[in-house]
Amino acid sequence: MAQVNVRRDVSDPFYRYKMERLQTKIEGKGNGIKTVVVNLSSVAQSLARPGAYLIKYFGFELGAQTNIDPADDRWIINGAHDSAKLQDYLDGFINKFVLCKKCKNPETDVQIKDGRILLDCKACGQRTDVDLRLKLSGFILKNVPKKGKKDKAERKAARKAKQNGNAGKENGNSGDEQSSNGSGKENGSKEADAASDDDAVIRKTKAEQQFANDGDDNEDVEWAVDMSAEAVKARQQSLPGEFKQKLAINGDEDDEEGEGGGNTVYDQLGEWITEQAEEKGSIDKVDDISIYVKAKELGIESKHRTVLVLVQTLFNENIVAQIPKRQAMLSQIVTSERHEKALLGGTERLIGSLGKDHPEMFDKVVKVLQLYYLHDLISEDVVTKWGTRASKKYVDLATSKKVRKAAEPFLTFLAEADSEDEDDE
Ligand SMILES: [Zn+2]
């Protein structure tokens, strides 16, 4: 999905704060015409703000009706509005409600205190005031989310934030600091939302998660590595000529299912990665952009089977530590349900083959799935469906069953979290 810099006035291709470009769809006609902001949740999550703030801001700017709590994640603005215009308004929102007034960094938390709205900056440590005369400021002050009132997407984001052991973002979303006790905790982020409904489940997984986060550079988890077209192009141009040639690939996706005779472009990608790993002494030293560029040269950077190759070559016994480091590149490639299935299939195959000598690999399945989920590489629907039925597609049936058995705690977690969401509604 096309990404833009959170600050569009910054043209530096290595600027690290990215969000998806707004995507809209016009529906209906006549008086019933409306604009659905398809990826509002994702953009809101990139900005660590509730979706309601964004949609309401658009509503104020356009003088249009909006829905601020859609159960189905369909964020609607009445009337027909151009996505480029909304993107311009979004710049205004970011300037006023996201960027630190002091240093212009977007990594801020919203804190509501004594009738003021403060942006607490992670970068420079300053807390700066949001202009209370803005219409959205009034909305924010009047709508400090109460427990159980968060919409589904937000709860999901909150679950993820907590799974990530990074409750700080959650604080910005919920404003619970004020609604819970108003005691003005200086740093409420760590214990924010302790009373939230899904906490029991979260605590359990969080404990399991702890290990996964050990040694990771958590700072980088929230924000995507620069995989922009410019960065990729710059890297491509720095490669020697022989690498620049683009190999043709024939057939459509449906013809790719066979494993081939050992000389497909997929095998070439796999072999190239393996060679690079040998040359550099470790698979973890082969960098994302060069892998992506290689896949691009082979013409397969958007193919689901590429995911299958990557999982099996980039990951090994250390998969739990490796996923966070590869997630930015993988999310560039994993763009559909089919890709997600390939990711799960490749993982099954990897765990199955490593598990032959290292049975403890099966104990890592839960952590692996949590990390995929956390980084939006798999969706609830796809992994739930995957979990219900063993398949011979990637491994033998016994192994397939064994992997799903090992995945059960995670699948149960999703099912429970989901039914709690429904109870709330
Ligand atoms: Zn700052």
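Preceding this section is the structure that the text describes.
Definitions and cut-offs
Residues numbered from 1 in each chain as written. Predicted model: local features only at pLDDT ≥ 70, side-chain atom pairs only at ≥ 80, totals over all residues. Heavy atoms only, no water. Helix = DSSP H or I, 4+ residues; strand = E, 2+ residues; numbered from the N terminus. Buried < 20%, exposed > 50% of the residue type's maximum accessible area, 1.4 Å probe, protein only. Areas by Shrake-Rupley, 256 points an atom, 1.4 Å probe, with all protein chains shown as cover. Patch = residues over 30% accessible without salt bridge, like charges linked within 9 Å, V, L, I, M, F, W, Y side chains within 5 Å. Salt bridge = Lys/Arg side-chain N within 4 Å of Asp/Glu carboxyl O. Lys, Arg positive; Asp, Glu negative; His and termini not counted. Charge placed at Lys NZ, Arg CZ, Asp CG, Glu CD. Donors = N, O, S within 2.8 Å, 3.2 Å for Na, K, Ca; no water. Tetrahedral: all angles 85-135°; square planar, octahedral: opposite > 155°, others 65-115°. 1 Å grid on protein atoms, 1.4 Å probe; cavity = no way out; pocket = protein on both sides within 12 Å on 5 of 7 lines; lining within 4 Å. Points joined across faces, edges and corners; volume = space filled by probe spheres on them. Nonpolar A, V, L, I, M, F, W, Y, C, P; charged D, E, K, R; others polar. Phe/Tyr/Trp six-rings, centres within 6.5 Å; stacked < 30°, edge-to-face > 60°. Lys NZ or Arg CZ within 6 Å of the ring centre and 35° of its normal. Axes fitted to C-alpha atoms, helices over the stretch in contact; angles between N-to-C directions. Parallel < 35°, antiparallel > 145°, perpendicular 65-115°, else oblique. Left-handed = near helix turned anticlockwise from the far one by under 90°. Contact = heavy atoms within 4.5 Å. Expected span 1.5 Å × (residues − 1).

What follows deals with the overall build of the protein chain. The helix and strand inventory of the protein chain stands at 18 helices and eight strands. Every one of the 425 residues in the protein chain was classed for burial, and the buried ones make up 50%. Carbon and sulfur atoms make up 48% of the accessible area of the protein chain, which totals about 19,900 Å².

There is a patch of like negative charges on the surface, built from E271, E275, E278 and E279. By the secondary structure assignment, E279 is in helix 11 (residues 265–280).

The next point concerns the environment of F413. Relative to the helices and strands, F413 is located in helix 18 (residues 397–424). Look at F413 and you get buried, because its relative accessible area is 3%.

As a further point, take the coordination of the zinc ion. A metal bound by six donors in octahedral fashion has ideal angles of 90 or 180 degrees, whereas one bound by four tetrahedral donors has an ideal angle of 109.5 degrees. Taken together, C100 (SG), C103 (SG), C121 (SG) and C124 (SG) make up the full set of protein donors to the zinc ion, lying 2.3 to 2.4 Å away. In this structure, the zinc ion is surrounded by four donor atoms whose angles at the metal cover 104 to 116°, and the resulting shape is tetrahedral. Mapping the donors of the zinc ion onto the primary sequence yields the spacing C-x2-C-x17-C-x2-C. With C103 in the loop between helix 3 (83–97) and strand 6 (108–113) and C121 in strand 7 (residues 116–121), the pair connects residues that are 18 residues apart, well separated along the chain. Look at C103 and you get partly exposed, because its relative accessible area is 34%.

Once rolled over the atoms, a probe with the size of a water molecule shows which space is left empty. Here the structure, examined in full by the defined rule, presents two cavities of 30 Å³ or more. Approximately 50 Å³ is the volume found for the second largest cavity. The wall of the second largest cavity is formed by L344, T347, E348, I351, V365, V368, L369, W386 and V403. No other element matches helix 15 (residues 337–357), which puts four residues into the lining of the second largest cavity. Across the lining of the second largest cavity, the residue classes break down as seven nonpolar, one polar and one charged.

When we look at a pair of aromatic rings, we describe it by the centre distance and by the angle of the planes. Enumeration over the complete set of coordinates arrives at six aromatic pairs. Ring centres of Y373 and F410 lie 5.8 Å apart, and the angle between their planes is 70°; this geometry places the pair in the edge-to-face category. Remark: F410 occurs in helix 18 and Y373 occurs in helix 16 (residues 365–374); sequence separation between them is 37 residues. Neither Y373 nor F410 differs from the other in exposure class; each is buried. Three or more aromatic residues link up through ring pairs in this structure, and these residues are Y57, F93 and F97. Positioned above the aromatic ring of F60, the side-chain terminus of K56 is 5.4 Å from the ring centre.

On to the packing of helix 1 (residues 40–47) against helix 2 (residues 51–62). Between helix 1 and helix 2, the shortest axis-to-axis distance is 8 Å and the interhelical angle comes to 110°. Regarding the angle of helix 1 to helix 2, the classification is roughly perpendicular. Crossing geometry of helix 1 relative to helix 2 is assigned as right-handed. Between helix 1 and helix 2, the contacting residues are L40, V43, A44 and L47 on the first element and G51, L54, I55 and F58 on the second. Tallied by class, the residues present in the contact of helix 1 with helix 2 amount to seven nonpolar, one polar and no charged.

Bringing the pattern of salt bridges into the picture now. For the structure on display, the rule yields 15 salt bridges. One salt bridge connects D109 with K122, and the closest N-O pair in it is separated by 2.9 Å. Residue D109 is located in strand 6, and its partner K122 is located in the loop between strand 7 and strand 8 (127–129); the two are separated by 13 residues in the primary sequence. The class for D109 is buried, based on a relative accessible area of 2%. For the salt bridge of R116 with D129, the shortest nitrogen-to-oxygen distance reads 3.0 Å. Pair noted here: R116 is in strand 7 and D129 is in strand 8, with a separation of 13 residues, a long-range link. Connected through shared salt-bridge partners, K25, E27, D72 and R74 make up one network.

On to helix 14 (residues 319–333). Helix length check: helix 14, at 15 residues, gives a terminal C-alpha distance of 18 Å against a target of 21 Å (1.5 Å per residue), a shortfall beyond 12%. Burial of helix 14 is extensive: 11 of the 15 residues sit out of reach of the surface. Every buried residue of helix 14 is listed here: I319, V320, Q322, I323, P324, R326, Q327, A328, M329, L330 and I333.

By themselves these figures say nothing about function.
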